[in-house]
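For reference, the chains in residue letters:
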Amino acid sequence: MRSLLAQLRAEVTMIFTNGETLFLTLGIPVVFLLFFSAVHVLPTGTAHPVDFLVPGILALAVMSTSMTALSIGTGFERGYGVLKRLGSTPLGRPRLLTAKIVAVLAVEIFQAAVLIGVGYLLGWNPGGPGGATALVGEALLAMVLGTAAFGGIGLLLAGTLKPLVNLAVVNALFVVLLLLGGMLIPLSKLPTWLADLSKVLPAAALSEALHGTLGHGTPVAARDWVVLAVWAVGAPVVAGLTFRWE
Amino acid sequence: MDHADTADPAARTAPDRTPAVECDDVVIRYGSTLAVDHLSFNAYRGEVLALLGPNGAGKTSTVEALEGYRPLSGGTVRVLGLDPGSDHTALVPRIGVMLQKGGVYPMLGPAQVLHLFAAYYEDPEDPDALLDLVGLGDARRTPWRRLSGGEQQRLSLALALIGRPEVLFLDEPTAGVDPEGRIVVRDIITAQRDKGLCVLLTTHELAEAERVADRVVIIDHGRLLAEGTPAELASGTADGSIRFSTDPGIDVAALAAAVGTGSAIAEERPGSYRLRLPDGADTPAAVASLAGWLAEHGLSLGDLRTGQSLEEAYLAITGTRSVPDPVTVDPPSGRRRRSRGRR
C-alpha cells in the first residue's frame, strides 16, 4: 500500500509539474472554454455557446488526460527504460498500472471541477432549459468508459511506438479527434460521410453522451453506449496484448 | 586485483556454501541469433564476479536472464535458489539491479527518485545517506536528464542499493564514469562485497575487472572462455617469459648467454624485449643476471615484468577462443577487440 501511494503521488506530481502536460490537460480546455464562450465563431447552433461548450470540453479534457498525457508520459518512461527498471523492483506491474489509472482519474476530477466552475461563471445552464441534472450518473459512467477507451488507445500507441513517434502520432490523433469528435464543432456540421465515420469513434460517442446528458437533458443513446463500451473493452485488451515494456 | 587473494578458493567450493547465483548450461536465442551458448558459472556471497568480454559477447543477455528479463532457450538460472522468472515476486525484494543505461524518470531529481524507490521496499536504506554515499548530495534536485553520464550511473547504483539487496547485478557500472567517480563506484562495490553481498557485474574493460573483481568469467560469442581470479587467469596463460625494456638494438645473443643456457631473447619492438627461460629456470637468478649484464654495459632497465597481465591473458583467450598456446600471446586476429578492450 505504501508503495502504491508513493507511486500514485509520483505519477500525479509528474503530471502537474510537467509544463507540456499541464498545458494539454488544463491550459487548452480552459482557454477553449473562455475563448469560444466570448467569441462566437463556432457553429454551436445556440445563442448561448457555453451550454454547448462545457459538455464538449469536458469530453476533450477526458481525452487529453487519459489518451494524450498518459500516452506521452508512458511512452517516454518506456523509452528511458523506467518501465523496465521498475520490473525488477517489488512495485510490480499491477500496482504501477493502478497508480497510473488512479492518477488519470484524479487529474480528470480536478479538470472537471475547474471546467465546471469556469462554466458556471460563464453562465452555464446544465441540462438545458429545464435545468435537469438527473442524468449526471450517466454522464459519469460515459466519462469512465471514455477514460478506459482513450487510455487503451494511448497505451496501445505508447507500448508499441518509439517515444518521439508516439508523441507525434498521439498529438495528431488528439487534433483529429478534437475536430471530428463533436467537441467544439457539432457533428451535424460535418459532411454526412465524415459524421458517420466519427460516430463509431470514442470521441464523438463521449461528446454526444455528455451533450445529451449535461446539455439537453436527454439520456445517452444506445449506439453511443455500444461504441463507448466496445472501445473501452477493446482498446485496453489490444494494448495489453501488444504492450512492450522495453 | 588487490582483493583477489581475499577470496579463498577452497571455501568457495565447500559443499555448505551454496551459490547465490547459478547459471547452468544457459542458452539464449534472439530469433536465429545465439546470444548465450551453453554458459555455466556460479557466483557466491561475499565476492565480486566480473563477466568480462567484448561488446556483444552475451554479458547483458546473461545478466538480464538472471534479473528475470530474458526467457531462456535452454538451461537453468537460479538466484538465491529462486527462479528469476517464476519466483519473480519473491526474488525482486532481495536483488539490486543497475541497467546498462537509463531506468530513471527523466524529470525527477535524485532525491525524489530515491525516496520513491525506497517506498517500494520493506526496510530500505536511508535515501539521503545513500545520496551522500554516491556523491550526489549537491545534485539532489537536478532532474535526471540534466545529470552527467557519471552522475546518472551513480544514481543508478544508489537505486540498486536502496532495498538492501543480497545480490547486486551491475551492468557496466563504470561506463561513462569519470576517474573520480570510478573510485567512488569501486569503493561502494567492494564495501558491499565485504558486507557479504554477491556482486555480479559486467564490463568490457580489463582494468576494471582486474581492479574490482575477485573472480572473472571471460565470455565471448556467448561462451565461457576462462574463469578464475585475475591472478589465476594471468598466470594460467603465462609462458615463463620476462619482459623488459632498455635501449634498442642491444646484443641479445650476448645477453642470453650471460643469463644462462637455454634462454633466448627477442626484441619484440624497438627497445622492448622478451627473455624466455628454459623450463625450471630460476627466475630471480635470471633477473639478477639480466640486471647485472645491463649494468655492466651501462644500459638502463625499465618495465621489468615476469608473467603477464590480465590484459595479455584476456587478449590471448578471446583472440584464440581456446586455451591459448603460450607463444601466441599477441594474437594477430585480436586487433579490433584489443582496441575496444583498451578504451
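About the thresholds
- Residues numbered from 1 in each chain as written.
- Chains lettered and ligands numbered in written order.
- Predicted model: local features only at pLDDT ≥ 70, side-chain atom pairs only at ≥ 80, totals over all residues.
- Helix = DSSP H or I, 4+ residues; strand = E, 2+ residues; numbered from the N terminus.
- Buried ≥ 20, exposed ≤ 12 C-beta atoms within 10 Å, placed from the backbone.
- Contact = placed C-beta atoms within 7 Å.
- Bend = angle between axes of the 7 residues up to and from the residue.
- Domains from an automatic or database assignment.
- Nonpolar A, V, L, I, M, F, W, Y, C, P; charged D, E, K, R; others polar.
- Pairing = 2+ DSSP bridges.
- Axes fitted to C-alpha atoms, helices over the stretch in contact; angles between N-to-C directions.
- Parallel < 35°, antiparallel > 145°, perpendicular 65-115°, else oblique.
- Left-handed = near helix turned anticlockwise from the far one by under 90°.

Undergrad: Tell me about the overall build of chain B, and please be specific about residues and values.
TA: Across its full length, chain B carries 13 helices and 13 strands. Here chain B holds 343 residues, and 43% of them are scored as buried. Look at the contacts in chain B between residues 6 or more apart in sequence, and 68% of them connect residues 24 or more apart.

Undergrad: Residue-level account of helix H2 (residues 19-38) of chain A, with values.
TA: Most pronounced at Gly27(A), the bend in H2(A) amounts to some 35°, and the proline Pro29(A) follows within four residues. Restricting attention to buried positions, one finds in H2(A) the residues Thr21(A), Leu24(A), Thr25(A), Leu26(A), Pro29(A), Phe32(A), Leu33(A) and Ser37(A).

Undergrad: How would you sum up the domain arrangement of chain B? Please name residues and give values.
TA: Split by domain assignment, chain B resolves into domain 1 (4-235) and domain 2 (240-306). The straight-line distance from the C-alpha centre of domain 1 of chain B to that of domain 2 of chain B is 43 Å.

Undergrad: Tell me about the interface of chain A and chain B, and please be specific about residues and values.
TA: On the side of chain B, 21 residues touch chain A, which itself brings 19 residues to the contact. Elements with a contribution of two residues or more to the side of chain A that touches chain B: helix H1 (2-17), helix H3 (49-79) and helix H4 (82-86) of chain A. In the side of chain A that touches chain B, the residues fall into 8 nonpolar, 7 polar and 4 charged.

Undergrad: Outline the sheet that holds strand E12 (residues 272-276) of chain B, listing residues and values.
TA: Residue and element names in this part refer to chain B. Read from one edge to the other, the open sheet built from 4 strands follows the order E11-E12-E10-E13, with strand pairing classed as antiparallel. Edge positions in the sheet fall to strand E11 (264-269) and strand E13 (302-306), since each has one partner strand and no second. Between one strand and the next, the sheet's axes are offset by a mean angle of 20°, whatever the strand orientation. Both strand E10 (residues 241-245) and E13 contribute to a ladder of 3 bridges, which runs antiparallel. Across the sheet, the residue bridging to Ser245 is Gly302, located in E13.

Undergrad: Which residues make up the sheet that holds strand E8 (residues 215-220) of chain B, and what values go with them?
TA: All names here are of chain B. What the 6 strands build is an open sheet, ordered E5-E6-E7-E3-E8-E9; its pairing is mixed. Single-partner strands in this sheet number two, and they are strand E5 (95-98) and strand E9 (223-228). The sheet shows a mean angle of 15° between the axes of neighbouring strands, direction not considered. For strand E3 (residues 48-52) and E8, the ladder comprises 4 bridges, and the chain directions are parallel. Looking at the pairing, Leu51 lines up with Val217 of E8.

Undergrad: Go over the environment of Arg95(A), please, and point to the residues and values.
TA: Tracing the sequence through the fold places Arg95(A) in helix H5 (residues 93-121). Setting aside its immediate chain neighbours within four residues, Arg95(A) contacts Ser3(A), Leu4(A) and Gln7(A).

Undergrad: Help me get a handle on the environment of Glu138(A), residues and values and all.
TA: Turning to its location among the elements, Glu138(A) is positioned in helix H6 (residues 136-158). If sequence neighbours within four positions are ignored, Glu138(A) has contacts with Thr213(A), Pro219(A) and Val220(A).

Undergrad: Go over the packing of helix H9 (residues 202-216) of chain A against helix H10 (residues 222-242) of chain A, please, and point to the residues and values.
TA: Between two packed helices, the angle of one axis relative to the other and the distance separating the axes together describe the packing. All names here are of chain A. Taken N-terminus to C-terminus, the directions of H9 and H10 make an angle of 135°; their axes are 9 Å apart at the nearest point. Compared by their axis directions, H9 and H10 come out oblique. Crossing handedness for the pair H9 and H10: left-handed. Taking contact as the criterion, the partners of Pro202, Ala205, Leu206, Glu208 and Ala209 in H9 are, on H10, Asp224, Val227, Leu228 and Trp231.

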